[in-house]
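Observations on the model geometry
Take a look at the letters that make up each chain.
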Amino acid sequence: TFSKHRLSFDIERCNLMKNQIVNLLSQNIDVLSSEEISQLIETPPKPEMGDFAFPCFRLAKSYHKAPPMIAQDLKDAIGDQAFLSEIKVIGGYLNFYVDKAQYAHQIIDKYNSTDNYGHSEQGEGKTICIDYSSPNVAKNFHVGHLRTTIIGNSLYKIFTKLGYKVVRINHLGDWGTQFGKLIVAYKKWGSREAVEEKGIQELMDIYVKFHEEAEKDDSLNDEARAWFLKMEQGDEEALEIWQWFRDISLKEFMRVYDILGMEFDSFAGESFYRDKTANVVKRLTDDGLLKESQGAMIVPLDKYDMPPCIVSKKDGSSIYATRDLAAILYRKETYNFERCLYVTGLEQKLHFAQVFKVIELMGNDYAKNLIHIPYGLVSLKSGKISSRKGNVIFAEDLLRESINKTTSIIDEKNPNIPDKEEVAKQVGIGAIIFNDLYNQRIKDVIFDWEKLLNFDGETGPYVQYTYARASSVLRKIGEVPDTIDYNLLTDEASIGLLKEIERYPQIIKDAADRYEPSVIARYSIDLAHAFNKFYHECQINVEDATTKYTRTNVVKIVRYIIKDALSLLGIQCPEQM
């Protein structure tokens, strides 16, 4: 038996009850669809008028009755319902009062009915390829690369949660004219000893020097193009130097991925497709899409208000777009993806629009499922990051600095915490990831040490601390039986927390639909706020066993969801902080 409580509900955050009311009305209204009924349902202006209201005015013409009479007929037809404390006719409206104890029962039962709350089977049997991270070989992994890596990794986890098979592709930037430049720079100003000793830093230094010297002597660019053409033609010396640069780079990249706890299913970069570009050119030629223009081969796109897509340069060498076209054809054949997502900077919007249009013109219906997911730039206070000028902040330096700063905070506030180094890593890395994902991905990020490493406010450490607080409660109470008195969960703080718990499955779907991890990051803040309100207003570890275990069961659910939500962002949760 449930007592009758009347606390106002928020329609947008109470889908379970609203859906039940829609179903009741649908069974008794034959002139409106369920969707139309759902759209008509309102939130009453005052709590004493109920939680949901259905206006009957639109039914008057169909039923030839006054709205209040229609409302009364509907009330009589619906009768008593366990999840409603009362149904009342107010003017031309039928107003519904939700039983809060019954609502608490339904939410907790919904959670308990699965061991993977928020999981969906909507992606079962479907594959999504995600192309992300993709740093350039021979250039250090800087904070700009960190954005695509963090966003792509979160999308991988979100779509996996929804039942999709996700292929994580790291399309390394390991081919192109820049390697011709690097070979020239190495031969003129570098040495094997220096590269072996300093790794990517030495390659970066000579790359910057190349551009400084090329501004004075343009013939260096001609030499660079000639070396890249040798690479394309399979020249042994050129490929040996290139492979050496690639191996050194990948070793350093893997160190960053290890710090982040990230893995990939494929490291097939641009070079993987160098023997597949000839087939692209042949298919475009056979389809009559390829045209000659000033010595280069292009696909004209003026009909679509875009500049032409260049497929091969004057000297016959391939270009970025050629290799992307080859990659799409290969991925469709290999993985038979339902969608292929590209997480790259906003500045590449036109490039992908051109490439996707060419795939469409080749007669491929799946072109509509090629999706560019742009994000804003990362910049320093002093301006845009540029590898040509050496004006960069390296991702590894940033991550380690955050870990070191977190360690200092722990030493000051809780020096005896178990696994201090691991906690510092989880919190330090989590702070950076959360800072990136909290705001919409399309927004530019101005890199600011003070703001980034601020551990107060709406931050990753705040949510992690909430998890640690929930863990502490459970450690103190010990084993928790399943017995719950739902009448003890009808106060404002408890209902507010239950609403947040109910939202979680839909939040995951919304994040996937919008390709927007910030939906989950912001939800985790809302959940943490609701839990901390509950924690302060509803004492948990009390003498009365029923009260204690009822509230502790809610703590268990919140703890699970916080950990799960942060895991979808790529963040771990320490048990103590």
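Scope of this entry: the structure provided in the associated data block.

1. Some details on the overall build of the protein chain
The helix and strand tally for the protein chain stands at 21 helices and 13 strands. Overall, the C-alpha framework of the protein chain stretches about 85 × 65 × 40 Å when taken along its three principal axes. With 577 residues in all, the protein chain has 54% of them scored as buried. Accessible surface computed for the protein chain: about 26,100 Å², of which carbon and sulfur atoms make up 46%. When the 72 positive and 85 negative side-chain charges of the protein chain are each reduced to one mean point, those points stand 2 Å apart.

2. Points about the packing of helix α6 (residues 143-161) against helix α21 (residues 545-569)
Following both chains from N to C, one finds α6 and α21 inclined at 130°, their axes separated by 6 Å at the closest point. By the angle between their axes, α6 is oblique relative to α21. Facing α6, whose interface residues are Ser154, Lys157, Ile158 and Lys161, α21 presents Tyr560, Asp564, Ser567, Leu568 and Leu569. Each residue belonging to the contact of α6 with α21 can be placed in one class, and the counts come to four nonpolar, two polar and three charged.

3. Notes on the environment of Lys563
Looking at the element boundaries, Lys563 is found in helix α21. In this structure, Lys563 is in contact with Tyr467 and Cys573, ignoring residues within four places of it in sequence.

4. Quick word on the sheet that holds strand β1 (residues 52-55)
Strand order in the open sheet formed by three strands is β1-β3-β2, with antiparallel pairing between adjacent strands. Single-partner strands in this sheet number two, and they are β1 and β2 (84-90). Neighbouring strand axes in the sheet, compared pairwise and without regard to direction, differ in orientation by 20° on average. Bridging between β2 and strand β3 (residues 93-98) involves six bridges; their strand directions are antiparallel.

5. Digging into the sheet that holds strand β9 (residues 339-345)
Spatial strand order, β5-β4-β9-β10: four strands in an open sheet with parallel pairing. The open sheet has two edge strands with one neighbour each: β5 (165-169) and β10 (370-375). Taken pair by pair, the neighbouring strands of this sheet meet at an average axis angle of 20°, ignoring direction. As paired elements, strand β4 (residues 127-131) and β9 share four bridges and run parallel to each other. Paired with Asp131 across the strands is Tyr342, a residue of β9. Docked against the sheet, α6 engages β4, β5, β9 and β10, running at close to 155° with respect to β9.

6. What about the nonpolar core?
Soluble globular proteins tend to pack their nonpolar side chains together in the buried interior. Formed by 122 residues in total, the largest nonpolar core has its most connected members in Leu25, Phe54, Phe96 and Ile501. For Ile501, the contacting residues outside a window of four places in its chain are Ile107, Tyr117, Tyr523, Val554, Ile557, Val558 and Ile561. Counting 32 residues, the second-largest nonpolar core is a separate cluster that includes Ala326, Phe337, Phe356 and Met362.

Reading the values: rules and limits
- Here, residues in each chain are numbered from 1, in the same order as that chain's written sequence.
- Restriction of local features to residues with pLDDT of at least 70 applies here, the model being predicted, together with a cutoff of 80 or more for giving and counting side-chain atom pairs; totals for whole chains, interfaces and linings are based on all residues.
- Side-chain measures here rest on the full set of heavy atoms in the structure, leaving out hydrogens and waters.
- For the purposes of this entry, the term helix denotes a DSSP run of H or I that reaches at least four residues, the term strand denotes a run of E that reaches at least two, and both are numbered from the N terminus.
- For the exposure calls, accessible area comes from a 1.4 Å probe over protein chains only, and a residue counts as buried if that area is under 20% of its type's maximum, exposed if over 50%, partly exposed in between.
- Computed by Shrake-Rupley with a 1.4 Å probe, the accessible areas treat only the displayed protein chains as cover when residues are assessed.
- Neither His nor the chain termini are counted; the positive set is Lys and Arg, and the negative set is Asp and Glu.
- A charged residue contributes its charge at one atom only: NZ of Lys, CZ of Arg, CG of Asp or CD of Glu.
- All axes here are fitted lines through C-alpha atoms, helices being fitted over the stretch that makes contact, and every angle between N-to-C directions spans 0 to 180 degrees.
- The labels follow the angle: roughly parallel below 35 degrees, roughly antiparallel above 145, roughly perpendicular from 65 to 115, and oblique for the rest.
- Here, two residues are considered to be in contact whenever any of their heavy atoms come within 4.5 Å of each other.
- Each residue is assigned to one class: nonpolar for Ala, Val, Leu, Ile, Met, Phe, Trp, Tyr, Cys and Pro, charged for Asp, Glu, Lys and Arg, and polar for all the others, Gly among them.
- Strands are labelled as partners when DSSP assigns at least two bridges between them.
- Only buried residues count toward a nonpolar core, which is a set of Ala, Val, Leu, Ile, Met, Phe, Trp, Tyr and Cys residues joined through side-chain atoms within 4.5 Å.

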